[in-house]
Amino acid sequence: MSVPSGHGDAIQVGNVRHTYDDLRSVSASIRSQLSVGETALLRTDDAALVAAAFFGLDGWAGAVHLLPAGIDVDIAGTRITWPGQGQIQAGTDDGGAGSDSVTRWVLYTSGTTGVPKEIIHSFESLSRTVSRGANPSVWGLLYDPNRMAGIQVVLQSLLTGSRLVAPPTSDSLNDRVAAFVAGGVNALSATPTVWRRILQSPDAAELRLAQITLGGEIADQTVLDALRHRFPDARIVHVFASTETGAAFSVRDGRAGFPASYLSDPPRGIDLDVRDGILHVYSPGVSVAGADGFASTGDIVEVIDDRVLFRGRASGVVNVGGANVWPEEVEQLLRSHPAVADAVVTAKPNALVGNMLVASVVASPDADRSGLGKVLRAFVREHAPSTHVPASVKVVEELELSGTGKAVRA
Amino acid sequence: MKTRVTIVAALSALFEEEDLPVPALSDDLVLLETDLDSLGYAVLVTRLDEELGFDPFSMMEEPVYPVTLGEFVAVYERFAPDDTAPT
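What this report covers is the structure whose coordinates are included nearby.

A few points about the overall build of chain B
And then number 1: A count of helices and strands for chain B gives four helices and zero strands.
And then number 2: When the helices and strands of chain B are listed from N to C terminus, the series reads α-α-α-α.
And then number 3: For 87 residues, the compact-globule formula gives about 12 Å, and the C-alpha radius of gyration of chain B, at 12 Å, lands near that figure.
And then number 4: Across its three principal directions, the C-alpha atoms of chain B cover 35 × 25 × 20 Å.
And then number 5: Of the contacts formed within chain B by residues at least 6 apart in sequence, a portion of 57% connects residues at least 24 apart.
And then number 6: For chain B, the computed accessible surface area is about 4,800 Å², with 53% contributed by carbon and sulfur atoms.
And then number 7: Side chains of chain B carry 4 positive and 19 negative charges; the gap between the two charge centres is 6 Å.

Details of the interface of chain A and chain B
And then number 1: Tallying the contact residues gives 17 residues for chain A and 17 residues for chain B.
And then number 2: Taken over both partners, the interface formed by chain A and chain B buries close to 1,400 Å², and the fraction arising from carbon and sulfur atoms is 59%.
And then number 3: It is Lys348(A), Leu352(A) and Arg377(A) that lose the most area in chain A upon contact with chain B, and together they represent 33% of the buried surface on that side.
And then number 4: At the boundary of chain A with chain B, the tally comes to four salt bridges.
And then number 5: In this structure, Arg377(A) engages Glu17(B) in a salt bridge whose closest nitrogen and oxygen atoms are separated by 2.7 Å.
And then number 6: Counting across the chain A and chain B interface gives six residue pairs in polar contact (both at pLDDT 80 or more).
And then number 7: For the side of chain A that touches chain B, the elements supplying multiple residues, two or more each, are strand S21 (340-350), strand S22 (354-363), helix H9 (372-383) and strand S23 (392-396) of chain A.
And then number 8: Looking at the side of chain A that touches chain B, its residues break down into eight nonpolar, four polar and five charged.

Conventions adopted
Residues numbered from 1 in each chain as written. Chains lettered and ligands numbered in written order. Predicted model: local features only at pLDDT ≥ 70, side-chain atom pairs only at ≥ 80, totals over all residues. Heavy atoms only, no water. Helix = DSSP H or I, 4+ residues; strand = E, 2+ residues; numbered from the N terminus. Rg over C-alpha atoms; globule rule 2.2 N^0.38 Å. Contact = heavy atoms within 4.5 Å. Areas by Shrake-Rupley, 256 points an atom, 1.4 Å probe, with all protein chains shown as cover. Lys, Arg positive; Asp, Glu negative; His and termini not counted. Charge placed at Lys NZ, Arg CZ, Asp CG, Glu CD. Buried area = accessible area lost by both parts, 1.4 Å probe. Salt bridge = Lys/Arg side-chain N within 4 Å of Asp/Glu carboxyl O. Polar contact = N/O pair within 3.5 Å; in protein donor to acceptor, adjacent residues only side chain to side chain. Nonpolar A, V, L, I, M, F, W, Y, C, P; charged D, E, K, R; others polar.

As structure tokens, this is what we get:
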């Protein structure tokens, strides 16, 4: 795999611009840092280095471990760094000719237990969701370039000859949105939680988005409608991806969930089935698949009329006074209230009824915060059984985000 | 004393919030005779955990079921981590 044949600027990290020619030189230099079949370690949040490593090391290294900040694993290998000035070879990328081994790309997730879990990919599996026919655009990067969601954006941008604006992940969201405005970004991918924050960002009105992608969490109708309202001309796509099964498909009609017709007419050839209320996909290759090849995604769904809607994770179900409650369902309800910009609901063990829910909400800018907790509890009671009503509703400035841009439910 | 004040305040706030008549919150008030159901008391215990920093019902080895408000308060006073309890 060599650097795609783009021209001009490829990646802008902070104030530094790298052209496609730069990336070609750097990827060749990175390749010279190790011999064929060796193991490489990549610990960086620099999207340009990740990109150069992809194109320099695929088909050359035996394995490349992408290590996000905060994840510690003990693996022997050569640590890949940005080559010094003198080491960069001028534009002579031969694509690593002489080696046709398949490089293992090893990603890490924090896992629910906090123990890093490795996920092995090939370049092919990482780039499977890239729509190669797409026109060049200007992508913004909001994800860690070491993680699956960030890699998807980096590859989507580079494989279509687009330009990628990648502000440091340590910058505040407002600063990153300002960098996207200044850089002319017109395509952006983020979790629904991050999208809700973008909608609150003062610079968001200046964004000229043509492509909006949501993934990683349930995209509810409230956030889809808010994005449609703010960016009336953008194509809005929400992606369903299951790490357990490797399946992924997208929905483009701006409505939450996916069409029930997908159950009989599979999207992109991915056979779906709802069993005991849990979405299953036909994925015979994976270890969790049953005898008939269908594997559980762990996502609770409900079929309502012509739509399949996501309710939450099967593993996240909470027993409140004998009733099963999905915190995500209560979050969706809270977000549908005009005074709420975002919400996260968690469970607290309780000796009387098993568990109780507690909510943290971010108020909308013009919402009346006094007595908001009481108003919202009454709102939930009006629309859901009393077991769904959070014991307390705390108004917070912002929600805590994980390394993957999801609201932390802890 | 502080524990009692916090409990009584949280309890009357809850009655008001649930649009229930607020009974006389004296020590001999029988909890089951109020209009608050078991979920309501679970709400109270969760809120008190947030305010006082502990939940005595999750700390006790043998379950205790306080009958009156006075007994309920006594449970909290018994398990209160001295003066170090966050306020």
